[in-house]
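# Topology and contacts: notes
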Amino acid sequence: MKHVLDQASLTGMITNIILAVDCPVTRISHIYKYKFRYKDLPEGGVNAYCEKEFIEADNIAIIGMETTYGEDAVQVAQKSMKVGLNFKERMTDFVVDCAKTDMTFEIGMPVVLKELEGVSVKKTVHNR
């Protein structure tokens, strides 16, 4: 959809999203990353839209500080999958370490992990 916005409105709505869906027929899971984008319009304002990226199997989707921590997150994930380590624990430890050592004030503690369990959500707060 096209929207004509000023810069303040645009900044207020920037949100990148990861969407995971399970096909009820094939029982195959699919993950997509939607990145917020915009183009300046010649008449003023901007054209806001999302780019959709399909995340291949054995890969991870990253939003937020992707340029800072993305490469390291991918390495931790790949090592975890190859060696057979507990993926959830390794990635949680990685995010907690990043939040504890980051000096930009863009992320911080606590780290909250939310897991789907059937139709409910289990929430775990990490303060270490």
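Residues numbered from 1 in each chain as written. Predicted model: local features only at pLDDT ≥ 70, side-chain atom pairs only at ≥ 80, totals over all residues. Heavy atoms only, no water.

### A closer look at the pairing of strand β3 (residues 46-55)
Applicable threshold: When DSSP finds two or more bridges between a pair of strands, those strands are recorded as paired. Runs of E in the DSSP output that reach at least two residues are strands. Runs of H or I that reach at least four are helices, and both are numbered from the N terminus.
Where strand β2 (residues 29-40) and β3 come together, 10 bridges link them in antiparallel fashion. For Lys33, the partnering residue across the bridge sits in β3 and is Glu53. Between the end of β2 and the start of β3, which pair antiparallel, lie five residues, with Gly44 showing a positive phi angle near 105 degrees.

### Some words on the pattern of salt bridges
The test is simple: Think of a salt bridge as a Lys or Arg side-chain nitrogen and an Asp or Glu carboxyl oxygen that are within 4 Å of each other.
By the definition in use, this model includes five salt bridges. Measuring nitrogen to oxygen at the nearest pair gives 3.1 Å for the salt bridge that ties Lys33 to Glu66. On the criterion of sequence distance, the pair formed by Lys33 in strand β2 and Glu66 in helix α2 (residues 66-83) is long-range, its members being 33 residues apart. What emerges from the salt-bridge pattern is a single network uniting Lys33, Lys35, Glu53 and Glu66.

### As for the layout of surface pockets
Condition: Space inside and on the surface of the protein is sampled on a 1 Å grid over the protein atoms alone, with a cavity defined as a set of points where a 1.4 Å probe fits but cannot get out and a pocket as an open set with protein on both sides within 12 Å along at least 5 of 7 lines; lining residues have an atom within 4 Å of a point. Grid points are joined across faces, edges and corners, and a volume is the space filled by probe spheres set on the points. Charged means Asp, Glu, Lys or Arg here, nonpolar means Ala, Val, Leu, Ile, Met, Phe, Trp, Tyr, Cys or Pro, and polar covers whatever is left, Gly included.
Estimated volume of the largest pocket: approximately 1,100 Å³. Elements with a contribution of two residues or more to the lining of the largest pocket: β1 (17-22), α2, α3 (87-101) and β4 (111-117). Looking at the lining of the largest pocket, the element that brings in the most residues is α3, giving eight residues. Broken down by class, the residue content of the lining of the largest pocket amounts to 21 nonpolar, three polar and three charged.

### A closer look at the pairing of strand β5 (residues 120-126)
Looking at chain direction, β4 and β5 are connected through seven bridges and run antiparallel. Its bridge partner being in β5, Glu115 is matched across the sheet by Lys122.

### Some words on unusual backbone geometry
In plain terms, the rule: Buried, partly exposed and exposed residues are distinguished by accessible area as a fraction of the type maximum, computed with a 1.4 Å probe on protein chains only: under 20%, between the cut-offs, and over 50%, respectively.
Following Met109, the chain continues to Pro110 via a peptide bond in cis, the omega torsion being 0 degrees. Mapped onto the elements, Pro110 comes out in the loop between α3 and β4. The phi angle at Met65 is positive, at roughly 55 degrees, despite the residue not being glycine. Within the secondary structure, Met65 sits in the loop between β3 and α2. The buried category is assigned to Met65, whose relative accessible area is 14%. Positive phi, close to 65 degrees, is recorded for Phe105, a residue that is not glycine. Take Phe105: it is sitting in the loop between α3 and β4. Look at Phe105 and you get exposed, because its relative accessible area is 74%.

### Focus on the side chain of Glu115
Put simply, the rule reads: In protein, a polar contact means a hydrogen-donor-capable atom and an acceptor-capable atom, both N or O and within 3.5 Å, with residues adjacent in sequence counting only if both atoms are side-chain atoms; elsewhere, any N or O pair within 3.5 Å suffices. We call two residues in contact whenever any of their non-hydrogen atoms come within 4.5 Å of each other.
With respect to the helices, strands and loops of the structure, Glu115 is situated in strand β4. Engagement of the side chain of Glu115 in a polar contact is seen with the side chain of Lys88, the distance being 3.3 Å. Aside from chain neighbours lying at most four places away, what touches Glu115 is Lys88, Ser120, Val121, Lys122 and Thr124.

### Observations regarding the sheet that holds β2
The strands that make up a sheet pair up through hydrogen bonds in the backbone, lying either parallel or antiparallel. Here is the rule we go by: Axis geometry follows a simple rule: fit a line to the C-alpha atoms, using only the stretch in contact for helices, then measure angles between N-to-C directions, giving values from 0 to 180 degrees.
With antiparallel pairing, three strands are arranged side by side in an open sheet as β1-β2-β3. What marks the edges here is a single partner per strand, and that holds for β1 and β3. Across the sheet, the axes of successive neighbouring strands diverge by a mean angle of 25 degrees, strand direction being ignored. Relative to β2, β1 runs antiparallel, the two being bridged by six bridges. Residue pairing across strands places Asp22 opposite Ser29, the latter belonging to β2.

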